[in-house]
Amino acid sequence: FELSSGTDLNLSNNITGDELTQVNLTGAGNANFNNSTITGNTNSAVSINANNLSGNLSFSVNNTPNSVNNISAGAGNDAIEINGAIKANPGIVINTGSGNDTITFTSTSSGNEATSSIDGGDGLDIIEFAAGLDLSQNNLTISNVEKLKFTGGANTVKFKSDVLSQKTYELIENGSGNLNLEVV
């Protein structure tokens, strides 16, 4: 999709293609997929290549078979939601490029041995975590992200120590109640 200046993409339906393996987005417009799912053939997942998109990208990754699991974004202020857990390697791979980006892990994004790799790229990037996520069994890799925002509440948020070890983050608590963070 070529999104020339002033032209935006607002998708309201799912996209399915038997031969679909990649969606390319270029230009200065914004691309909002409104929780739509993009699925390809039965042998591989779909990737989104928006490296040459200077507008904002908004997309929700879920665990629908053969759907998008790899996103490379460009210079916009992107909003990527991870709304599912994928165990198979490479799992969910997000590279938000430059811009001030937000990656959100919903309450369904954790799972035993789920794999996610997040690279915030340049800019001021933040990862937001739903209340009570147990990521201690996940294979989570984070790089080039400056802020981690947790939702407080009754349930403890759990992380593997290697996700946080020898890295510097600004930690933010959101919501009501105290934040209980357990590093294992």
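Described in the following lines is the structure provided in the data block. (Residues numbered from 1 in each chain as written. Predicted model: local features only at pLDDT ≥ 70, side-chain atom pairs only at ≥ 80, totals over all residues. Heavy atoms only, no water.)

### As for the sheet that holds strand 14 (residues 126-129)
Read from one edge to the other, the open sheet built from eight strands follows the order 2-5-8-10-12-14-16-18, with strand pairing classed as parallel. Edge positions in the open sheet fall to strand 2 (9-10) and strand 18 (170-174), since each of these has one partner strand only. Inspection of the sheet shows strand 10 (residues 79-82) paired to strand 12 (residues 102-105) by four bridges, in the parallel sense. Along strand 12, the bridge assignment pairs I82 with F105. (Pairing = 2+ DSSP bridges. Helix = DSSP H or I, 4+ residues; strand = E, 2+ residues; numbered from the N terminus.)

### Notes on the sheet that holds strand 9 (residues 68-72)
Taken in spatial order, the seven strands make up an open sheet running 1-4-7-9-11-13-15, and their pairing is parallel. The strands lining the two open edges of the sheet, one partner per strand, are strand 1 (2-3) and strand 15 (139-143). As defined by bridge partners, strand 1 adjoins strand 4 (residues 22-27) across two bridges and the pair is classed as parallel. The residue bridging L3 from the neighbouring strand is G27, located in strand 4.

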